[in-house]
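# Close look at the chain arrangement
Chain by chain, the residues:
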Amino acid sequence: MRENKLLHNAKWIIACKVLQSLLQLVVGMLSARYLGPSNYGLIHYASAITAAALPFVQLGFNEILVGEYVEKPQQEGKILGTALVMNLASAVCCIIGVTTFAAVANSDEPVTILVCALYSTGLLFQAVEMVQYWFQAKLLSKYSSLAMLCSYAAVSVYKIYLLMTAKSVCWFALSHAVEYGVTGFLLLIAYRRHGTQKLSFSAGTAQFLLKKGGYYIASSLLVAAFHSTAGILLKLLRGT
């Protein structure tokens, strides 16, 4: 019975990922063609800086939450609520950090600073995406996968609207926040419907999660640095 549930869970994840990839391919090609090398490179630069800050938003919780929900089902509301508060607080700090870095590194490029600031707001909503790990622990990935697919469908419509109305690159920078904003909103609605415990915050739980998740921050930073360094260096070198 459990094997069937695992298989059903995996089917939803794979199917939604395939559909999302197809949407991403089509809309991404249209967006790249419209924005051109300069503006598309600017979006990539903002993405690279934001990705470098993501490990500090996640705090390693993405590696431990599923296990915590399985081991302590009676405390899942406290664990999830605490993780959300910590991730949201960290996201605010990271948004400030990303904007500050962009302002220092590109002091004479106001558009670049604005694009990076707008793109980084997605970190706030990306923190809410932590709810998906509760659905994974409960083998209910159908709901989290559908939420992500709906969010990418929404951001695809948003980008198509921007293409049709010839909006500036700043509007495209907001697409990151739109995507994760819709995902977070749908995940919270799904948790309210299927979750059995109210969300709460606990200082003791926060300390425990931070201590356990802290071991994964360094490894996540290395991965983020590997993927982000090239994009950041290319933009900085191009500006010299």
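In short, a report on the structure. (Residues numbered from 1 in each chain as written. Predicted model: local features only at pLDDT ≥ 70, side-chain atom pairs only at ≥ 80, totals over all residues. Heavy atoms only, no water.)

## Focus: the overall build of the protein chain
Our working rule: Only runs of H or I of at least four residues qualify as helices and only runs of E of at least two qualify as strands under DSSP, and these elements are numbered from the N terminus. A simple rule labels every residue: compare its accessible area, found with a 1.4 Å probe on the protein chains alone, to the largest value its type can have, and call it buried under 20%, exposed over 50%, or partly exposed in between. Only heavy atoms matter for contacts: two residues are in contact if any of them lie within 4.5 Å across the pair. Areas reported as accessible are Shrake-Rupley estimates using a 1.4 Å probe. Residue values count occlusion only from the protein chains shown.
Looking only at helices and strands, the protein chain features ten helices and zero strands. When its helices and strands are written in sequence order, the protein chain yields α-α-α-α-α-α-α-α-α-α. Within the protein chain, buried positions represent 45% of all 240 residues. A separation threshold of at least 6 residues defines the contact pool for the protein chain, and within that pool the share at least 24 residues apart is 85%. Carbon and sulfur atoms make up 68% of the accessible area of the protein chain, which totals about 12,700 Å².

## Focus on the layout of surface pockets
Rule in force here: In this analysis, the protein atoms alone were mapped onto a 1 Å grid. Cavities are point sets where a 1.4 Å probe fits without being able to get out; pockets are open sets with protein on both sides within 12 Å along at least five of seven lines; lining residues have an atom within 4 Å of a point. Grid points are joined across faces, edges and corners, and a volume is the space filled by probe spheres set on the points. When residues are grouped by polarity, Ala, Val, Leu, Ile, Met, Phe, Trp, Tyr, Cys and Pro land in nonpolar, Asp, Glu, Lys and Arg in charged, and all others, Gly among them, in polar.
When its volume is computed, the largest pocket comes out at roughly 900 Å³. Lining the largest pocket we find 33 residues, and of these Q24, Y119, H176, E179 and Y180 sit closest to its centre. Among the secondary structure elements, those contributing two or more residues to the lining of the largest pocket are α1 (2-58), α5 (122-128), α6 (132-137), α7 (141-165) and α9 (175-194). In terms of residues, the lining of the largest pocket owes the most to one element, α1, which gives 15 residues. Taken together, the residues that form the lining of the largest pocket break down as 14 nonpolar, 15 polar and four charged.

## Some words on helix α2 (residues 61-71)
The test is simple: As used here, the arc belongs to the directions running from the helix axis to the C-beta atoms.
Listed as buried for α2 are F61, N62, I64, L65, E68 and Y69. Along α2, the residues classed as buried sweep out an arc of 155 degrees about the axis, all on the same side. Facing away from the buried side of α2 by more than 90 degrees, the exposed set consists of V70 and E71.

## Quick word on the nonpolar core
Put simply, the rule is: Nine residue types can take part in a nonpolar core, namely buried Ala, Val, Leu, Ile, Met, Phe, Trp, Tyr and Cys, and a core is a set of them joined through side-chain atoms within 4.5 Å.
Within the largest apolar cluster, 26 residues are counted, with the highest numbers of intra-cluster contacts made by I43, V57, V115, C116, L123, V169 and F172. Element by element, the count of residues in this core is highest for α1, at nine residues. Here L123 is in contact with T50, A53, L54, V57, A91, C94 and I95, once residues within four sequence places are set aside.

## Structural notes on the packing of α7 against α9
Any two packed helices are characterised by the angle at which their axes cross and by the distance between the axes. For clarity, the threshold we go by: Geometry is summarised by axes, namely lines fitted to C-alpha atoms with helices restricted to the contacting stretch, and by angles between N-to-C directions that run from 0 to 180 degrees. In this scheme, roughly parallel covers angles under 35 degrees and roughly antiparallel covers those over 145, while 65 to 115 is roughly perpendicular and the rest are oblique. With the far helix as reference, a near helix turned anticlockwise by less than a right angle produces a left-handed crossing, and one turned clockwise produces a right-handed crossing.
At a minimum axis distance of 8 Å, the contact between α7 and α9 shows a crossing angle of 150 degrees. Viewed along their axes, α7 and α9 adopt a mutual orientation that is roughly antiparallel. As α7 packs across α9, the resulting crossing turns out to be right-handed. Taken together, the residues of α9 that come into contact with α7 (itself represented by Y143, S144, A147, M148, C150, S151, Y152, A154, V155, Y158 and K159) are S175, V178, E179, V182, T183, L186, L187, A190 and H194. When grouped by side-chain class, the residues that make up the contact of α7 with α9 number 13 nonpolar, five polar and two charged.

## Digging into the side chain of N87
Mapped onto the secondary structure, N87 falls in helix α3 (residues 76-105). Judged by relative accessible area, N87 falls into the buried class, the value being 0%. Residues within four places of N87 in sequence aside, it is in contact with V57, Q58, L59, F61, A127 and M130.

## With respect to the packing of aromatic side chains
Operational definition: Stacked, tilted and edge-to-face are the three classes applied to pairs of Phe, Tyr and Trp rings, where Trp contributes its six-membered ring and a pair requires centres within 6.5 Å; stacked means planes under 30 degrees apart, edge-to-face means over 60, and tilted covers the rest. For a Lys NZ or an Arg CZ to count as sitting over a ring, it must be within 6 Å of the ring centre and within 35 degrees of the ring normal.
Overall, the coordinates contain four aromatic pairs when judged by the stated rule. Each ring, one from W134 and one from F135, has its centre 5.0 Å from the other, and the planes form 85 degrees; the classification is edge-to-face. Note on accessibility: W134 and F135 belong to one class, buried. Residues F135 and Y143 carry aromatic rings whose centres are separated by 6.2 Å and whose planes lie at 45 degrees to one another, so their mutual orientation is tilted. Grouping aromatic residues by their ring pairs yields a cluster made of W134, F135, Y143 and Y191. Its end group placed over the ring of W171, K167 keeps NZ or CZ at 5.3 Å from the ring centre.

## Comments concerning the packing of α2 against α3
Where α2 meets α3, the closest approach of the two axes is 10 Å, and the angle between their N-to-C directions is 165 degrees. As the angle between them shows, α2 and α3 are arranged roughly antiparallel. In this structure, α2 crosses over α3, and the sense of that crossing is left-handed. The segment α2 lies against α3, with F61, L65, E68 and Y69 engaging E76, I79, L80, A83, M86 and N87. Residue classes in the contact of α2 with α3 are distributed as seven nonpolar, one polar and two charged.

## Let's talk about the environment of F125
Inspection of the secondary structure assignment puts F125 in helix α5. Residue class for F125 comes out partly exposed when judged on its relative accessible area of 34%. Placed 52 residues apart in sequence, F125 and A177 show a C-alpha to C-alpha distance of 6.7 Å. Ignoring sequence-local partners within four residues, the contact set of F125 consists of A177, Y180 and G181.

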